[in-house]
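So you can see what is in the structure, the chains are spelled out below.
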Amino acid sequence: RFGLYDVAMLNSDTFVTVSLDRTAKVWHCDDGEKWHCTATLKGHTDWVYGVAVLNPHTIVTVSRDKTAKVWCCDDGEKWHCAATLKGHTDWVYGVAVLDPCTFVTVSRDKTAKVWSIPTTEELALMTKLREWRNAGIKELELDERWQAVYDKLPAHFKYGFSLQELSEALSDID
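In this report, we go over the structure that sits alongside the text. (Residues numbered from 1 in each chain as written. Predicted model: local features only at pLDDT ≥ 70, side-chain atom pairs only at ≥ 80, totals over all residues. Heavy atoms only, no water.)

### Some points on the sheet that holds strand β4 (residues 35-42)
Reasoning step 1: Across the sheet, four strands lie side by side as β1-β2-β3-β4; this open sheet has antiparallel pairing. Either end of the sheet is taken by a strand with one partner, and the two such strands are β1 (4-11) and β4. The average angle at which neighbouring strand axes cross in this sheet is 25°, direction not considered.
Reasoning step 2: Sheet topology places β1 next to strand β2 (residues 14-19); six bridges connect them, and they run antiparallel. Looking at the pairing, L4 lines up with S19 of β2. (Pairing = 2+ DSSP bridges. Helix = DSSP H or I, 4+ residues; strand = E, 2+ residues; numbered from the N terminus. Axes fitted to C-alpha atoms, helices over the stretch in contact; angles between N-to-C directions.)

### What about the environment of V106?
Reasoning step 1: One can find V106 in strand β10 (residues 102-107).
Reasoning step 2: Looking at V106, the relative accessible area reads 1%, which means it is buried.
Reasoning step 3: For the pair V106 and H88, spaced 18 residues apart in sequence, the C-alpha to C-alpha distance is 8.5 Å. (Buried < 20%, exposed > 50% of the residue type's maximum accessible area, 1.4 Å probe, protein only.)

### Remarks on the pattern of salt bridges
Reasoning step 1: Tallied over the entire structure, the rule returns two salt bridges.
Reasoning step 2: Close ionic contact of D46 with R64 constitutes a salt bridge, the shortest N to O distance being 3.5 Å. Linking D46 in the loop between β4 and β5 (48-55) with R64 in the loop between β6 (58-63) and β7 (68-73), this pair joins segments that are 18 residues apart in sequence.
Reasoning step 3: Its relative accessible area of 24% is what places R64 among the partly exposed residues.
Reasoning step 4: Across the pair E122 and K113 runs a salt bridge whose closest N-O atoms are separated by 3.2 Å. (Salt bridge = Lys/Arg side-chain N within 4 Å of Asp/Glu carboxyl O.)

### What about the sheet that holds β5?
Strand pairing in a sheet relies on backbone hydrogen bonds, with the paired strands running either antiparallel or parallel.
Reasoning step 1: Taking strand neighbours across the sheet as the criterion, the four strands line up as β5-β6-β7-β8 in an open arrangement whose pairing is antiparallel. Strands at the two margins of the open sheet, each flanked by one partner only, are β5 and β8 (79-85). Put simply, the sheet's adjacent strands are angled 25° from each other on average, direction ignored.
Reasoning step 2: With six bridges connecting them, β7 and β8 associate as antiparallel partners. Residue pairing in the sheet places C73 in a bridge with W79 of β8.

Nothing here speaks to function; it is geometry throughout.
This is the structure in structure tokens:
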């Protein structure tokens with residue numbers, strides 16, 4: 001009924017999908033043959049566009065409802081929303097993990113935000129990003145650290161801002 005929008009692997013036998021039905025679903029394969037849904041994560045109030053795995057027990061989802069949600073599975077079975085991150089003023093359509101405690105969200109509001117877990121503190125903000133629909137990236141040289149961060153981002157996340165803008169925003173968190 002509703003299309004899937006993104007997928008991320010938790011481990012070799014578990015993955016997460018997000019959908020336009022406002023949910024994320026955790027899928028697991030016990031026997032190597034049949035996949036089944038082990039959890040449906042509800043909490044977003046609009047389409048869910050992206051998912052990223054911080055570790056096998058923590059994921060982040062982003063949504064058209066202008067939020068990112070951090071989901072945790074403390075006991076290996078039951079998932080819960082540990083935090084709802086607000087601050088974007090338009091759809092949040094991309095998320096990328098920088099390290100096990102830090103991730104970036106990007107929004108149609110032409111901003112990208114760097115967040116920290118478990119504090120859910122906003123560490124950095126990039127503004128004045130090009131219109132999110134515009135393809136193309138400015139070709140700039142960066143040191144190896146920033147190039148490595150940029151290379152981790154999914155292709156759809158890279159549209160709308162340059163390497164230099166990413167470097168400037170993240171330099172504050174060194």
